[in-house]
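# Summary of the model geometry
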Amino acid sequence: MTVEAPAAPAGNVPPSPLAAAPAPVQANAVAVRLLAPGLIEVQLPPNGDVGGPEAVMAAVAVQDLAEGKRVALMIVVSGVVGVSVDARRVYAESVTSRAVALVGESPVDRVIAHYLLRSRSESIPAEFFLSRPAALEWLRQYTA
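Here's a quick rundown of the structure. Note that this is a predicted model, so its numbers are computed, not measured. Throughout, residues of each chain are indexed from 1 in the direction in which the sequence is written. Local features in this predicted model are restricted to residues whose pLDDT is 70 or higher, and side-chain atom pairs enter the listing and the counts only when it is 80 or higher, whereas totals over whole chains, interfaces and linings include all residues. Each side-chain value is derived from all of the structure's non-hydrogen atoms; neither hydrogens nor water enter the calculation.

### Description of the overall build of the protein
For helices the rule is a DSSP run of H or I covering at least 4 residues; for strands it is a run of E covering at least 2, with both sets numbered from the N terminus onward. Broken down by element type, the protein carries four helices and seven strands. Throughout this description, buried means an accessible area under 20% of the type-specific maximum (1.4 Å probe, protein chains only), exposed means over 50%, and partly exposed covers the range between. By residue count, 45% of the 144 residues in the protein fall in the buried class. Surface accessibility of the protein: about 7,400 Å² in total, with carbon and sulfur atoms responsible for 58%. Areas reported as accessible are Shrake-Rupley estimates using a 1.4 Å probe. Residue values count occlusion only from the protein chains shown.

Here it is, written out as C-alpha cells:
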C-alpha cells in the first residue's frame, strides 16, 4: 500500500479513530494528492481491490491534507475490481468531505461508484462523472 501525501507538521499524522488498526503492506496502491487548496484526489488502484487497511491509510492521508477543514474530494475508481465492505464503511465514516465526485470510465466503474455512494451521508453532495475535467468543474463550486 502506497499513499502519496506529505507528512503532517513534525512528521505526525493527526489522531484518528481510523488509524487505530495497523495496516499491512499491500500490493495495491491508493494515491492521495492535494490538487488545490480545498481539493483532494484519491486514486484507487486500477485492476485491484480496495480493502479496509488501504481505505484507512487513504482516509488518514486525506485528513492530513485537509488540515482540519472539510474539502472537495475526487475519487477515481477507473478500473477498480472491487471495494470491500470494510473499505466502504471507512469512506462512509469520513468527516472531511464537503462534496464527492467519483470518476470512472466503464459501466463497472459506475457500479462501484454507486456502491460507494450508497454509504455516504445524504447531506454531502456526490455525483458520478465519466471524466476528470467534468468532475473538477463540478467540484469547483465546493472549493471556495
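### Examining the sheet that holds strand S7 (residues 126–129)
With mixed pairing, five strands are arranged side by side in an open sheet as S1-S2-S4-S6-S7. Edge positions in the sheet fall to strand S1 (31–36) and S7, since each has one partner strand and no second. On average, each strand axis in the sheet is tilted by 20 degrees relative to the strand beside it, whichever way the strands run. By the convention used here, strands pair only if DSSP detects at least 2 bridges between them. By the bridge criterion, five bridges tie strand S2 (residues 39–43) to strand S4 (residues 71–76) in an arrangement that is parallel. From the neighbouring strand, Gln 43 faces S4, where its bridge partner is Val 76. In the packing of helix H3 (residues 107–117) onto the sheet, contacts are made with strand S6 (97–103) and S7, and the angle to S7 comes to roughly 175 degrees. Each of S1, S2, S4, S6 and S7 is contacted by helix H4 (residues 132–139), which is oriented at about 165 degrees to S6, the strand it contacts most. What counts as an axis is a line fitted to C-alpha atoms, over the stretch in contact for a helix, and the angles between N-to-C directions run from 0 to 180 degrees. Throughout, a contact is declared for two residues whenever any of their heavy atoms are within 4.5 Å.

### What about the packing of helix H1 (residues 52–66) against helix H2 (residues 85–92)?
Closest axis-to-axis distance for the H1/H2 pair is 7 Å, and the angle between their directions is 20 degrees. With respect to each other, H1 and H2 are oriented roughly parallel. For the crossing formed where H1 meets H2, the hand is right-handed. Residue-level contacts link Gly 52, Ala 55, Val 56 and Ala 59 of H1 to Asp 86, Ala 87, Val 90 and Tyr 91 of H2. To sort the angles, those under 35 degrees are grouped as roughly parallel, those over 145 as roughly antiparallel, those from 65 to 115 as roughly perpendicular, and the leftovers as oblique. Handedness of a crossing is defined here by the sense of rotation of the near helix relative to the far one, left-handed for an anticlockwise turn of less than a right angle and right-handed for a clockwise turn.

### Considering the pairing of S1
One ladder, built from five bridges, connects S1 with S2; its direction is antiparallel. The residue bridging Ala 36 from the neighbouring strand is Leu 39, located in S2. Counted along the chain from S1 to the antiparallel partner S2, the turn is two residues long, and its residue Gly 38 has a positive phi close to 80 degrees.

### Notes on the nonpolar core
Across soluble globular proteins, nonpolar side chains have a tendency to be buried as a group. Residue types Ala, Val, Leu, Ile, Met, Phe, Trp, Tyr and Cys, when buried and joined through side-chain atoms within 4.5 Å, form a set referred to as a nonpolar core. Within the largest apolar cluster, 32 residues are counted, with the highest numbers of intra-cluster contacts made by Val 32, Ile 40, Val 42, Leu 44, Ile 75, Val 77 and Leu 102. The element contributing the most residues to this core is H1, with eight residues. Excluding residues within four positions of it along the chain, Leu 102 makes contact with Ile 75, Val 77, Ala 113, Leu 116, Leu 117, Glu 127, Phe 128 and Phe 129. Judged by nonpolar contacts, the second largest core, of 11 residues, contains Leu 39, Val 76, Val 103 and Leu 139.

### Some thoughts on the environment of Pro 53
Within the element layout of this structure, Pro 53 appears in helix H1. Measuring from C-alpha to C-alpha, the distance between Pro 53 and Val 90 comes to 9.4 Å, with 37 residues separating the pair along the chain.

### Things to note about the pattern of salt bridges
One side-chain nitrogen of Lys or Arg within 4 Å of one carboxyl oxygen of Asp or Glu is enough to make a salt bridge. Using the criterion set out here, one finds four salt bridges in the structure. Here Glu 41 makes a salt bridge to Arg 132, at a shortest N to O gap of 2.8 Å. Linking Glu 41 in strand S2 with Arg 132 in helix H4, this pair joins segments that are 91 residues apart in sequence. Classification of Glu 41 by relative accessible area gives buried; the value is 4%. Across the pair Asp 86 and Arg 89 runs a salt bridge, and its minimum N-O distance is 3.5 Å. With Asp 86 and Arg 89 both in helix H2, this residue pair falls three residues apart, about one helical turn.

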